[in-house]
Each structure stands twice: as structure tokens, then as C-alpha cells.
Amino acid sequence: MACTAETLAAALRAAAAVIAEHRAELVDLDRAIGDADHGENMDRGFTAIVSALDSATPETPAAVAKLAATTLISKVGGAAGPLYGTAFLRASVKLGDAAEVDGPLLVEALRAALEGVQARGKAVGGDATMVDALIPAVSAAEEAVGDGVAAILAAAADAADKGAESTVDLVPRKGRASYLGERAKGHMDPGARSTALLLRAFAEAAK
Amino acid sequence: MKKIINDPKTVVAESLRGLAAAHADVLRVEDDPAIVVRVDAPVAGKVAVISGGGSGHEPLHGGFVGQGMLAAAVPGAVFTSPTPDAVEAAVKATTGDAGALLIVKNYTGDVLNFETAGELAAAEGLDVRSVVIDDDVAVKDSTYTAGRRGVGGTVLLEKITGAAAERGDTLDAVEALARKVIGQVRSIGVALTAPTVPHAGEPSFDLADDEIEFGIGIHGEPGIERTAVTTADELVARMVEAVVTDLPFAEGDKVLLFTNSMGGTPLVELYLAHGIAERLLAERGIVVERRLVGPYITSLEMQGMSLTLLKLDDELTELWDAPVNTPALRWGV
């Protein structure tokens with residue numbers, strides 16, 4: 001199965017539902033080590049993506065991803081807006097004018113998204129950020145590149161879950177949680193959790 | 001959670017409506033994206049000093065828009081930096097040939113969004129520079145953190161650069177002045193209670209009745225250390241020590257002492273603490289030449305306070321004393 005503009009739009013709607021469902025959980029994770037806004041901000045952004053999809057019909061997967069990117073950048077604020085916005089923007093550029101996204105192109109787009117997040121946020125693995133979910137997700141996707149879109153996303157989501165779990169034991173070195181130093185240990189990074197939630201939503205939608 | 005609100009989603013927009021109604025002679029508020037703009041902007045031939053960040057720190061930043069201070073403020077959602085298009089809208093509404101200076105507090109979200117906005121404005125041919133303020137001595141500035149936070153010093157930076165812009169300084173000069181102020185201002189904050197973000201509905205951290213957070217920022221994030229409640233004398237002594245030894249401030253230095261309430265601490269306690277700080281500085285031979293006492297950069301209803309010291313010279317003192325007409329700071333007009 002390949003991914004079209006319609007299926008990507010459907011996946012984003014599914015992701016919005018998942019984010020809404022986990023809004024309070026993300027707020028609580030952020031409350032522990034930050035300023036308690038991550039769930040609210042993600043919910044605001046993905047609700048806006050659904051509205052944007054209701055009023056426009058982008059014709060290519062890249063156009064859908066770009067719509068998501070510009071919506072997140074203009075509606076979310078905080079660190080999450082520019083970081084997730086950049087991820088979707090870089091993925092969109094990589095998707096080009098393809099009408100359908102196959103496994104190899106999907107993996108390239110995921111890699112571009114990761115590189116975009118790292119370029120903006122300057123975080124590396126082990127800093128206890130969303131990158132700790134994205135790096136293993138992209139590696140797992142690359143290993144599954146020949147298995148088709150659904151299997152690639154499932155592998156990425158599994159790896160992202162483990163990556164998010166790994167942030168519990170880390171001392172944050174980026175973002176607001178970094179000010180807490182050792183005191184932030186024992187808490188999952190909210191951005192890593194939201195990344196894992198999004199990839200899981202995409203994987204479920206691709207089944 | 002008990003708050004005088006209708007809906008957590010509309011808190012900022014409704015608050016801005018009230019700000020505009022209360023101070024229509026000084027500023028106006030534009031919707032979508034929400035920005036607060038000097039009523040006479042753009043002011044021809046003068047640099048626009050623009051700042052912004054999450055809401056919940058009032059009067060920062062909207063309360064400092066007006067003659068002699070900010071040309072515009074960009075309020076984000078509560079404790080969330082504004083988006084790049086909102087910052088860009090503020091730049092476009094206020095910036096003429098003299099250009100604009102963006103004052104950014106050192107938080108990841110603020111830096112990312114203002115950085116992007118600066119690029120957007122530059123792409124449209126506007127001369128926009130930005131400075132990042134990082135005056136919080138609680139945070140060790142190392143490669144392993146996001147660096148020091150911008151806190152109380154922001155208010156003093158906005159006043160002084162705003163005065164320089166008002167007297168007609170060039171963008172180069174205003175930017176250089178901003179960097180000078182950032183280089184010689186330091187702050188420390190403490191919290192006695194946590195704030196409650198409207199959309200979260202519960203306090204941002206749990207603090208026992210006999211505990212305080214030392215070295216807090218302005219977003220309800222915990223401090224660098226949790227300690228036992230102590231006397232005002234001991235607490236203020238520890239705060240003064242932390243600030244004075246950081247720059248360091250030396251005997252004979254002339255300073256501005258800013259004693260700030262985080263929102264929930266009443267003036268009776270704030271003046272009490274200010275008096276102690278003045279005495280301790282005098283004992284060190286540091287000369288307090290100017291003061292500011294009150295709630296100016298807050299964290300919703302959080303009980304707590306911050307101390308900020310700015311090393312003064314004749315130019316900074318003159319700019320501090322210059323006329324200002326904003327909702328929250330007003331003198332000389």
C-alpha cells in the first residue's frame with residue numbers, strides 16, 4: 001500500500017484525535033518538568049490542522065504535509081510549534097511532487113523530518129527531547145524500508161515508544177526541563193511522548 | 001482551581017480586550033494574530049523596540065507598550081511563546097526606516113519563534129535585529145543546558161532601550177546599548193507557591209507548606225533547589241549573595257535595585273524584603289541609586305519574588321529616568 005494525499009490527510013485527522021485524547025497526559029508530563037503547556041499546545045495545533053483540512057483539499061502528500069507544517073508554525077508557538085512545523089516542512093520538501101509515497105520515499109521523509117528538528121532545536125540523542133523518540137524511529141524505519149508503508153510506520157512507532165521511555169532516566173539538556181538538571185530525572189519527556197503518539201497514530205491509520 | 005475566567009481558551013483574548021479598553025490613550029490591540037501596539041505606531045524615524053512571550057507575566061509585556069518603552073508587544077498563549085507570524089505582524093505594524101529591535105527572553109520556544117520571525121521580516125526587507133536576555137543567575141550557563149533564562153532584567157532592558165529609541169538613537173546604537181545592559185544585569189527568584197495555568201487546572205508543581213523553591217524562572221517551573229522556609233532576613237541575604245557574587249558587583253558600584261513580586265506576594269512583604277536588600281547592599285558598599293518595587297514580571301498568582309541588580313552609569317541612569325507613558329510604568333510625562 002502506498003500513501004496518497006487522502007490517506008495522509010486521514011492519518012493527520014486520526015493523529016488529531018489521539019492528541020486530543022492524550023491532551024491531559026501531555027499537560028501532566030510537562031507540568032512535572034516544564035510549564036504545563038505541551039498538551040494544550042499540541043491539541044490547539046492539531047485541531048487547527050483538522051480545520052485547515054476541512055477547508056482545503058491539498059492534491060499531493062507533500063501539499064498535505066506543508067499545510068500541516070504551516071498550521072503548526074502559525075498556531076502552536078512555544079518550542080513545539082517550530083519543531084514539529086519544521087519536521088513536517090522538511091518532510092514535505094522531500095516528498096516533492098509524488099502523487100503516492102512508497103516505503104523508500106517515506107523513510108527519506110522521516111529522515112528529513114528528524115534532520116530538520118535537529119537543525120532547529122540543536123538537540124542530540126540523550127538530551128531528553130523529542131529527538132530521543134525520533135532517532136530510533138527513523139533507524140527502525142530505515143531497517144524496515146523494504147516492508148511497505150504500514151510496516152515501516154509500525155516499526156517506527158514501536159521504536160519511538162521505547163525511545164520515549166528511555167527519556168525517563170535521562171538528565172535533560174535542552175528546553176525548559178534542562179534548568180532542573182538532575183531533578184528532572186524520573187520523568188518522561190513530553191515531546192518524546194507526543195512524537196511516539198503521533199507515529200503510533202500514523203501507523204494505526206496505515207494499517 | 002478558582003479563577004475569574006470564562007474559558008481557559010479565551011483568557012488571553014479577553015484580557016487583551018480589557019487592556020485595550022483601560023489604556024486606549026496609550027495602546028491599541030489587534031486580533032488574529034493578537035498584538036499590542038503603541039497607539040501612534042509606527043513612529044517615524046524611530047527604532048521600534050518589540051518584545052513578547054507567553055502571557056501570564058502581566059504587566060510584561062503589553063503593560064510596557066507606549067511612549068518611551070515598547071512599540072509593540074506580542075502575547076502568546078499562557079506561558080507559551082507567540083508564533084512567528086504574530087511577531088512578524090508586530091514588526092510590520094511598528095517598523096519604519098529606522099528598523100526594529102526584538103527583545104527575546106532566553107527560553108527555547110521564544111528564541112525559535114522570534115528567530116523565525118526575524119528571518120521572515122528580513123526577507124521583506126525590514127532591518128530587524130534581536131537580542132536575547134539571560135540574566136538569571138540560578139542557571140549555570142553551560143553547554144549542557146539551554147543557557148540562562150531571561151527574567152526580571154527584561155523589564156529594565158525594555159525601559160532603557162525604549163528610552164534610547166525614543167530619543168532617536170540608531171538601530172546600531174540601540175542594539176549595542178541592549179547588549180551592554182544584558183551584560184550587566186543579574187537576577188534571582190524564589191517561589192513560595194506554584195501558579196495554576198488555566199488550561200492545566202492544577203498547580204504547576206507541588207510544594208509543601210514549609211518549603212520554598214529557590215532559583216525559579218517565570219513559568220511555574222520548579223527552581224534549582226527546594227529548601228525549607230526561613231526568615232526574610234535569611235532568604236533575602238541568600239538572594240543578594242547569589243546576585244552580587246555572580247557579575248560580580250563590587251564595592252562602589254552604582255546600581256538599580258528591582259524588587260519584583262511574582263504575582264501573589266503582597267506589597268507588605270515585598271517592601272519588607274526590599275528594605276533588607278537595600279541594607280545588605282549598603283553593607284557591601286554597593287550604592288543603590290534607583291529602585292523599582294512591585295509586580296512587574298509575574299508568574300500568574302504565584303507567591304514569590306525576584307531581585308534584579310543592574311549596574312548603572314550616567315547614560316543608563318539618564319535613560320532610566322527618561323519619560324515613559326505605559327500602563328505599568330509612567331513618569332516624567
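Quick caveat, the model's predicted, so the values are computed rather than measured. In this numbering scheme, every chain counts its residues from 1 along its sequence in written order. Think of it this way: whatever chain is written first is A, whatever ligand is written first is 1, and the rest follow in order. Whole-chain, interface and lining totals are the exception, using all residues; otherwise, since this is a predicted model, local features are given only for residues with pLDDT of at least 70 and side-chain atom pairs are given and counted only at 80 or more. Only hydrogens and water are set aside when side-chain values are computed; all heavy atoms of the structure are taken into account.

A. Region of the structure containing the pattern of salt bridges. Criterion for a salt bridge: a side-chain nitrogen of Lys or Arg within 4 Å of a carboxyl oxygen of Asp or Glu. Tallied over the full model, the rule gives 42 salt bridges over all chains. The partner of D127 of chain A in a salt bridge is R173 of chain A, with the nearest N and O atoms 2.7 Å apart. Of the two residues, D127 of chain A is situated in the loop between α6 (103-121) and α7 (131-143) and R173 of chain A in the loop between α8 (149-166) and α9 (190-206); the sequence distance between them amounts to 46 residues. Measuring nitrogen to oxygen at the nearest pair gives 3.0 Å for the salt bridge that ties E315 of chain B to R167 of chain B. Placement of E315 of chain B in helix α8 (residues 314-321) and of R167 of chain B in the loop between α4 (153-166) and α5 (171-183) is noted, with a sequence separation of 148 residues between them. In this description a helix means any DSSP run of H or I spanning at least four residues, a strand means any run of E spanning at least two, and both kinds are numbered starting from the N terminus.

B. Region of interest: the interface of chain B and chain A. Listed by partner, the interface residues are 44 residues for chain B and 32 residues for chain A. Accessible area that two parts lose when put together, with a 1.4 Å probe and added across both, is what the buried area reports. Taken over both partners, the interface formed by chain B and chain A buries close to 2,800 Å², and the fraction arising from carbon and sulfur atoms is 49%. At the junction of chain B with chain A, the criterion picks out four salt bridges. Residues R31 of chain A and E202 of chain B are paired through a salt bridge, measuring 3.9 Å at the closest nitrogen-oxygen approach. Here a polar contact means two N or O atoms within 3.5 Å. Within protein one must be a hydrogen donor candidate and the other an acceptor candidate, and residues neighboring in sequence count only if both atoms are side-chain atoms. The interface formed by chain B and chain A contains ten residue pairs in polar contact (both at pLDDT 80 or more). For the side of chain B that touches chain A, the element with the highest residue contribution is helix α3 (residues 108-123) of chain B, accounting for seven residues. Residues are grouped as follows: Ala, Val, Leu, Ile, Met, Phe, Trp, Tyr, Cys and Pro are nonpolar; Asp, Glu, Lys and Arg are charged; all remaining types, including Gly, are polar. Each residue belonging to the side of chain B that touches chain A can be placed in one class, and the counts come to 16 nonpolar, 16 polar and twelve charged. Pairs of residues are marked as contacts when any of their non-hydrogen atoms sit within 4.5 Å.

C. Summary view of the domain arrangement of chain B. Residues and elements named next belong to chain B. These domain limits were set by an automatic method or by a database of domain assignments. Domain annotation for chain B reports domain 1 (11-166) and domain 2 (185-321). Spacing between the C-alpha centres of domain 1 and domain 2 amounts to 23 Å. With 28 residues of domain 1 at the contact, the number on the domain 2 side is 34 residues. Approximately 2,500 Å² of surface area, both sides summed, lies buried where domain 1 meets domain 2, with 70% of it carried by carbon and sulfur atoms. Among the residues of domain 1 in contact with domain 2, F79, L156 and I160 are the three that bury the most area, contributing 24% of the side total.

D. How the structure looks around the packing of α6 of chain A against α7 of chain A. Residue and element names in this part refer to chain A. At a minimum axis separation of 9 Å, α6 and α7 run at an interaxial angle of 155 degrees. Here α7 runs roughly antiparallel to α6, going by the angle between their axes. Relative to α7, the crossing made by α6 is left-handed. The residues of α7 that touch α6, namely those facing V107, L110, R111, L114, V117 and Q118, are V131, L134, I135, V138, A141 and E142. Looking at the contact of α6 with α7, its residues break down into nine nonpolar, one polar and two charged. Inter-axis angles, ranging from 0 to 180 degrees, are taken between N-to-C directions of lines fitted to C-alpha atoms, where helices are fitted over the stretch in contact. Any angle that is under 35 degrees is reported as roughly parallel, and any over 145 degrees as roughly antiparallel; angles of 65 to 115 degrees are reported as roughly perpendicular and all others as oblique. It is the rotation of the near helix from the far one that decides the hand of a crossing: anticlockwise by less than a right angle makes it left-handed, clockwise makes it right-handed.

E. Structural context of the environment of R291 of chain B. All names here are of chain B. Within the secondary structure layout, R291 lies in strand β11 (residues 287-294). C-alpha separation for the pair R291 and G147, spaced 144 residues apart in sequence, amounts to 28 Å. Among residues more than four places away in sequence, those in contact with R291 are L257, H274 and E278. A distance of 2.6 Å separates a polar atom in the side chain of R291 from a polar atom in the side chain of E278. A distance of 3.2 Å separates a polar side-chain atom of R291 from the backbone oxygen of V288.

F. View of the packing of aromatic side chains. Each aromatic pair joins two rings of Phe, Tyr and Trp (for Trp, the six-membered one) with centres within 6.5 Å, and gets the label stacked for planes under 30 degrees apart, edge-to-face for over 60, and tilted for any other angle. All told, the structure shown has four aromatic pairs over all chains when counted by the stated rule. Within the aromatic cluster, the residues linked to one another by ring pairs are F64, F258 and Y296 of chain B. One residue, R149 of chain B, lies across the ring of Y179 of chain A, its end atom 4.9 Å from the ring centre. Sitting over the ring of F214 of chain B, R238 of chain B keeps its end group 3.8 Å from the ring centre. We call a charge positioned over a ring when the NZ of a Lys or the CZ of an Arg lies within 6 Å of the ring centre and within 35 degrees of the ring normal.

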